[in-house]
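These are the residues of each chain, in order.
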Amino acid sequence: MKAAKVIFDYKSPVAAIIMLLMVLTMVFDFIPIAPVTAVLIASLFVILTGCFRSVDAAYKTINWESVVLIGAMMPMSTALEKTGVSQMVSETLVNSLGAFGPYALLAGIYFTTSLLTMFISNTATAVLMAPIALVAAQQVGVSPYAFLFAVTLGASMCFASPFSTPPNALVMKAGNYTFMDYVRVGLPLQLIIGIVMTFVLPLLFPF
């Protein structure tokens, strides 16, 4: 047991360096390597350097409940799009908020995304809301960049539900959290960030 601990302590800086190089490769466009290729190369180096030593131990560390939960939520976006719900949501947002100006519509897009992310995964929500935001911006005649970023941030910064993002789901069992724990801490923070982003995004991406 002690020997294994020494090995992993020694290998942890190597794994950290490999991860950092992988992230830098994905961030900088001048490096001609696709993100998927960067991940595969990093995985290969983790194996070759001995950071990854046991397949059984790796499988035991995976929270399969979270994996199944995230995977099961992905078809929701397709179902909502096929049934016409996405088009209905877009038209409702434009009809109800478009007359109040782009700021009101942007806030509607942001908080609608945040609300949906409380019940389905953030990836599925982003896939669902991106075309809605694009159509809504086109219907009011403004640039769609701020609206698309509102979808991105609204889907990522949802803290009021364990279903919102993979990190939320992964720590739920380990921390013995309940659904209300996320609501009590995450909902006020989510509202504050939403209000701030409604005014900050148009500064970065003018209408």
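Bear in mind the structure is a predicted one, so any value in this text is a computation, not a measurement. (Residues numbered from 1 in each chain as written. Predicted model: local features only at pLDDT ≥ 70, side-chain atom pairs only at ≥ 80, totals over all residues. Heavy atoms only, no water.)

1. A word on the side chain of Ser-143
Just so we agree on the cut-off: A run of H or I in DSSP becomes a helix once it reaches four residues, and a run of E becomes a strand once it reaches two; helices and strands are each numbered from the N terminus. Three labels apply to residues, based on accessible area from a 1.4 Å probe with only protein chains included: buried if under 20% of the type maximum, exposed if over 50%, partly exposed otherwise in between. Two residues form a contact once any of their heavy atoms are found within 4.5 Å.
Mapped onto the fold, Ser-143 is located in the loop between helix H7 (122-140) and helix H8 (145-156). Looking at Ser-143, the relative accessible area reads 19%, which means it is buried. When neighbours within four sequence positions are excluded, Ser-143 is seen to be in contact with Ala-137, Pro-206 and Phe-207.

2. Overview of the packing of helix H6 (residues 102-117) against H8
Cut-off, in case you're wondering: Comment: axis = line fitted to C-alpha atoms, over the contacting stretch for helices; angle = value between 0 and 180 degrees taken between N-to-C directions. Our angle categories are set so that under 35 degrees counts as roughly parallel, over 145 as roughly antiparallel, 65 to 115 as roughly perpendicular, and the remainder as oblique. Should the near helix be turned counterclockwise from the far one by less than a right angle, the crossing is left-handed, whereas a clockwise turn marks it as right-handed. Amino acids outside the nonpolar list (Ala, Val, Leu, Ile, Met, Phe, Trp, Tyr, Cys, Pro) and the charged list (Asp, Glu, Lys, Arg) are all regarded as polar, and Gly is one of them.
Interhelical geometry of H6 versus H8 gives an angle of 30° and a closest axis separation of 8 Å. One finds that H6 runs roughly parallel with respect to H8. For the crossing formed where H6 meets H8, the hand is right-handed. Contact residues: H6 offers Pro-102, Leu-105, Leu-106, Ile-109, Tyr-110, Thr-113, Ser-114 and Thr-117, while H8 offers Ala-146, Phe-147, Ala-150, Val-151, Leu-153, Gly-154 and Ala-155. A per-class count over the contact of H6 with H8 returns 11 nonpolar, four polar and no charged.

3. Side note on a nonpolar patch on the surface
Using the following cut-off: Residues enter a patch when their relative accessible area is above 30% and they make no salt bridge; the linking distance is 9 Å between like charges and 5 Å between nonpolar side chains (Val, Leu, Ile, Met, Phe, Trp, Tyr). Using a 1.4 Å probe, the Shrake-Rupley method yields the accessible areas, and only the shown protein chains count as cover for residues. Salt bridges are identified by distance alone: a Lys or Arg side-chain nitrogen within 4 Å of an Asp or Glu carboxyl oxygen.
On the surface, Ile-17, Met-19, Leu-20, Leu-21, Val-23, Leu-24, Val-27, Phe-28 and Phe-30 cluster together to form a nonpolar patch covering roughly 890 Å² of accessible area. Locating Leu-21 in the fold gives a position in helix H1 (residues 2-27).

4. What about the packing of H6 against H7?
As a packed pair, H6 and H7 sit with axes 10 Å apart at the nearest point and diverge in direction by 165°. Judged on the interaxial angle alone, H7 and H6 are roughly antiparallel. The way H6 lies across H7 gives a crossing that is right-handed. Within the contact between the two elements, H6 uses Leu-105, Ile-109, Thr-112, Thr-113, Leu-116 and Thr-117 and H7 uses Asn-122, Thr-125, Leu-128, Met-129, Ile-132, Ala-133, Ala-136 and Val-140. Its residues assigned to classes, the contact of H6 with H7 comprises nine nonpolar, five polar and no charged.

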